[in-house]
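Below are the chains, spelled out letter by letter.
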Amino acid sequence: MGITLSILDQTPIFPGETAPEAFRHTITLAQRAEALGYRRFWVSEHHDSNFVGGSSPEVLIAHLLAKTERITIGSGGIMLQHYSPYKVAENFNVLASLAPGRVDLGIGRAPGGLPRSTQALQRGVQDPPTLTEKIVELEQFIHDKLEADHPLAGLKATPLPETAPELYVLGTSVASAEIAASHGLPYVFSQFINSDEEVALQAFAAYRAQFNEAHGRRPEAIFALSVIVAGSDEEAEQLAGDQKLVKIHLASGRTLTVATIEQAEEYGKQSNEKYRIEVKAPEITKGAKETVRDRLLELQRKFGVEEFIVTTAVPDFQKRLRSFELLKEAFAEVSVSI
């Protein structure tokens, strides 16, 4: 079983950088990913943040499609809870019409920002449908299969592209895996957000066991993780630096991952709930080419996946770029199918 490699880029804005510089890095990375033969290049959605630039993935995807020729470009992911499925379908149908067969539509469950930004995005919206209901409606619009008894029956999310965007469900829990399975959609488990391997195993097991094959599709499980590859294990360790994984646990039972302790504290204040902040070392697969290759092969065997979506948070852009180059070299050297 070969390994397919893809990239998730969050357009990080590191200290001393500007947003335009961060976007230029994303463009350069997408072009280099295409040249190196990566399968897909996804961008994320974050709001009200000084640390990431991608607040409008649809706009960024359009630009990246124009700056590349072959690589699939997509969202990792659109935070559908904030939006009308109809409008999201329209946006991605336009993209898929501009670049047939090159557009992915990944759907995320997180808010993508602090409560204040969620309030702004959902301003004026009362009693919104559940995320599951929105995913169902989005898929119906994407494939022009709105049910006859739907209140909007007959409505089309034009233009209707020759090749519809590929829909993916992103998550970090068994619940998200069950959503993907029930609708027969590909599933991506984000280990760089939830590093609990037991949860990942349970999520993939539930996904495969409950997968709905009524639409003629087969399970497609993908593993997203943080990776740093360098000339040596010691250099990779240095590049990882003192990165922290910051989580906020709300009294309502929700747990969210944010960029900094300060952001977690601000989230807690805006939520008007009691909260607890947890800080721990992130799970990063790091090292020289051989070290990282061995680890990914181990993860492949453990989780039964054929594709990894890799994100790399290294402030020095040239070293971040080099990490992706070395990762491809690691598998090319042993003739593993990419």
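Here the residue index of a chain counts from 1 through its sequence in written order. Totals for whole chains, interfaces and linings use every residue, but because this is a predicted model, local features are given only for residues with pLDDT of at least 70 and side-chain atom pairs only at 80 or more, for both listing and counting. The side-chain values count all of the structure's non-hydrogen atoms but skip hydrogen atoms and water molecules.

To continue, consider the packing of helix H10 (residues 289-303) against helix H11 (residues 317-332). Lines fitted to C-alpha atoms define the axes, with helix axes restricted to the stretch in contact, and inter-axis angles between N-to-C directions lie between 0 and 180 degrees. Starting at the N terminus, helices and strands are each numbered in turn, a helix being any DSSP run of H or I of at least four residues and a strand any DSSP run of E of at least two. Where H10 contacts H11, the axes come no closer than 9 Å and their chain directions differ by 70°. Put simply, H10 runs roughly perpendicular to H11. Handedness of the crossing formed by H10 with H11: right-handed. Facing H10, whose interface residues are Lys289, Val292, Arg293, Leu296 and Leu297, H11 presents Leu326, Leu327, Glu329, Ala330 and Phe331. Residue composition of the contact of H10 with H11, by class: seven nonpolar, no polar and three charged. With respect to orientation, any angle under 35 degrees is reported as roughly parallel, any angle over 145 as roughly antiparallel, any angle of 65 to 115 as roughly perpendicular, and every other angle as oblique. Crossing chirality is assigned from the near helix's rotation relative to the far helix, an anticlockwise turn below a right angle marking it left-handed and a clockwise turn marking it right-handed. In what follows, a contact means two residues having at least one pair of non-hydrogen atoms within 4.5 Å. Any residue that is not Ala, Val, Leu, Ile, Met, Phe, Trp, Tyr, Cys, Pro, Asp, Glu, Lys or Arg is counted as polar, Gly included; the first ten are nonpolar and the last four charged.

Before going further, it helps to spend a moment on the sheet that holds strand S10 (residues 275-280). Spatial ordering of the open sheet is given by S9-S8-S10, a layout of three strands whose pairing is antiparallel. Edge strands, defined here as strands with exactly one partner in the open sheet, are strand S9 (255-258) and S10. In this sheet, adjacent strand axes meet at a mean angle of 25° when their direction is disregarded. In this structure, strand S8 (residues 245-250) lies alongside S10, joined through six bridges in antiparallel fashion. The residue of S10 that forms the bridge with Val246 is Val279. Lying on the sheet, helix H9 (residues 261-271) is in contact with S8, S9 and S10; it crosses S10 at an angle near 165°. At least two bridges found by DSSP between two strands is the condition for calling them paired.

Further remarks concern a negative patch on the surface. A surface patch of like charges, here negative, comprises Asp233, Glu234, Glu237, Glu290 and Asp294. Elements with a contribution of two residues or more to the negative patch: helix H8 (233-240) and H10. Position of Glu290 relative to the elements: it lies in helix H10. Within this analysis, patches are made of residues with over 30% relative accessible area and no salt bridge. Like charges are joined at 9 Å or less; nonpolar side chains (Val, Leu, Ile, Met, Phe, Trp, Tyr) at 5 Å or less. The accessible surface values rely on the Shrake-Rupley method and a 1.4 Å probe; as for residues, cover is taken only from the protein chains in view. When a carboxyl oxygen of Asp or Glu lies within 4 Å of a side-chain nitrogen of Lys or Arg, that pair is called a salt bridge. Positive charges come from Lys and Arg, negative ones from Asp and Glu, while His and the chain ends are left out of the count. Working definition for charges: the position is that of NZ of Lys, CZ of Arg, CG of Asp or CD of Glu.

Note that all results are geometric; they support no functional claim without further evidence.
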